[in-house]
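# Chain and residue survey
What follows is the residue order along each chain.
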Amino acid sequence: MKSALNQVLADIPEQQRDACCEDIIFAATASTAMHEGVHGLLNSRPDSQLSRGLSTFLDEGVTYALQDINAPVIEPIGSLAPTHRDTDRPEVKQRKELGQKLKPEVKRYLEKGRSVDDAFLTFASTQVKKVIEV
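Residues numbered from 1 in each chain as written. Predicted model: local features only at pLDDT ≥ 70, side-chain atom pairs only at ≥ 80, totals over all residues. Heavy atoms only, no water.

### Overview of the overall build of the protein
Spelled out, the test is: Put simply, DSSP marks the helices as runs of H or I at least four residues long and the strands as runs of E at least two long, and each gets a number from the N terminus on. Burial status follows relative accessibility: with a 1.4 Å probe on protein chains alone, a residue under 20% of its type maximum counts as buried, one over 50% as exposed, and anything between as partly exposed. Between two residues, a contact is recorded if the distance between any of their heavy atoms is within 4.5 Å. The Shrake-Rupley method, run with a 1.4 Å probe, gives the accessible areas here. Residue values count only the displayed protein chains as cover.
Helices and strands together make up the secondary structure of the protein, namely five helices and two strands. In sequence order, the protein lays out its α and β elements as α-α-α-β-β-α-α. Here the protein holds 134 residues, and 37% of them are scored as buried. A separation threshold of at least 6 residues defines the contact pool for the protein, and within that pool the share at least 24 residues apart is 57%. Accessible surface, the protein: about 8300 Å² in total, of which carbon and sulfur atoms supply 52%.

Right, dumping it as structure tokens:
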């Protein structure tokens, strides 16, 4: 991994490179595990509002919003928040865009300890329509 990151780590003193590589690997792995884990949590209760009201597309949007809210910043590569890349498939770009639109409301719900309810699903469906209609 250190050799693959050689260009990124060029300005890091040699004695700090192993620790920096470890931070990058851990953060990237944790970010992926969190993303996939959120999918499991969103689908964990068959009788929940989420399972009745969420499509796969909305599930991805909520997951990207949560991943963005919790993304660490790892120097020297920066934030691991999901960002649009030119190489992303069109549906991935839409999911990430939806995550950005949902992020403020998801964050507000988290801060208030609220569960998904009809108000959130109404808000989310409006955001889905905005992303799909673009």
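The structure having been displayed, the exposition proceeds.
### Some remarks on helix α3 (residues 56-69)
To keep it simple, the criterion reads: The length a helix should cover is 1.5 Å for every residue beyond the first.
A rise of 1.5 Å per residue sets the reference length of α3, with its 14 residues, at 20 Å; its end C-alpha atoms lie 20 Å apart and thus fit the reference within 8%. In terms of burial, α3 is a largely internal element, twelve of the 14 residues being buried. Looking at α3, one finds that the buried residues are Phe57, Leu58, Asp59, Glu60, Gly61, Val62, Thr63, Tyr64, Ala65, Leu66, Gln67 and Asp68.

### Re the environment of Asp23
Summarising the element assignment, Asp23 is placed in helix α1 (residues 14-42). Exposure remark for Asp23: the relative accessible area of 43% places this residue in the partly exposed category.

### Concerning the pattern of salt bridges
One side chain can pair with another of opposite charge once the charged atoms of both are near each other. How we decide: For this document, the term salt bridge refers to a Lys or Arg side-chain nitrogen within 4 Å of an Asp or Glu carboxyl oxygen.
Within this structure, the stated rule accounts for six salt bridges. Between Asp68 and Lys103 there is a salt bridge whose closest N-O contact spans 3.6 Å. With Asp68 in helix α3 and Lys103 in helix α4 (residues 90-112), this pair connects stretches of sequence that are 35 residues apart. Look at Asp68 and you get buried, because its relative accessible area is 12%. A salt bridge links Lys96 to Asp88, with the nearest nitrogen and oxygen atoms 2.9 Å apart. The structure contains a network of salt bridges with shared partners spanning Arg85, Asp88 and Lys96.

### Observations concerning the side chain of Lys96
Here Lys96 shows up in helix α4. Not counting the four nearest positions on each side in its chain, Lys96 is found in contact with Tyr64, Pro82, Thr83, His84, Arg85 and Asp88.

### Observations concerning helix α5 (residues 118-133)
To keep it simple, the criterion reads: It is the directions from the helix axis to the C-beta atoms whose arc is reported. In protein, a polar contact means a hydrogen-donor-capable atom and an acceptor-capable atom, both N or O and within 3.5 Å, with residues adjacent in sequence counting only if both atoms are side-chain atoms; elsewhere, any N or O pair within 3.5 Å suffices.
Taking 1.5 Å per residue as the helical rise, α5 with its 16 residues ought to reach 22 Å, and the 22 Å between its terminal C-alpha atoms agrees with that figure. Considered for burial, the residues of α5 that qualify are Phe120, Leu121, Ala124, Gln127, Val128 and Val131. Considered in projection along α5, the buried side chains sweep an arc of 125° and stay on one side of the axis. In α5, the exposed positions that point more than 90 degrees away from the buried face belong to Asp118, Lys129 and Glu133. Taking the backbone nitrogen of Ala119 as reference, a side-chain oxygen 3.2 Å away marks Asp117 as the first, capping residue of α5.

### Structural notes on the packing of α3 against α5
How we decide: To obtain each axis, a line is fitted to C-alpha atoms, and for helices this fit is confined to the stretch in contact; angles are then taken between N-to-C directions over 0 to 180 degrees. Between 65 and 115 degrees an angle is taken as roughly perpendicular, under 35 as roughly parallel, over 145 as roughly antiparallel, and anywhere else as oblique. In this count, Pro and Cys sit with the nonpolar residues alongside Ala, Val, Leu, Ile, Met, Phe, Trp and Tyr, while Asp, Glu, Lys and Arg are called charged and the others, Gly among them, polar.
Running from amino to carboxyl end, α3 crosses α5 at an angle of 100°, the nearest separation of the two axes being 11 Å. Relative to α5, α3 is oriented roughly perpendicular. Contacts between α3 and α5 involve Phe57, Leu58 and Val62 on the former and, on the latter, Phe120, Ala124, Val128, Val131 and Ile132. Per-class residue counts for the contact of α3 with α5 are eight nonpolar, no polar and no charged.

### Some points on the nonpolar core
Stated precisely, the cut-off is as follows: Here, nonpolar core refers to any group of buried Ala, Val, Leu, Ile, Met, Phe, Trp, Tyr and Cys residues whose side-chain atoms link them within 4.5 Å.
In terms of nonpolar packing, the biggest core is built from 15 residues, with Leu58, Val62, Leu98, Leu102, Val106 and Phe120 touching the most fellow members. Contributions of two or more residues to this core are made by α3, α4 and α5. If we skip the residues at most four places from it in the chain, Val106 touches Ala65, Leu66, Ile69 and Phe120. By size, the runner-up hydrophobic cluster in this structure holds nine residues, among which are Leu9, Cys20, Cys21 and Ile24.

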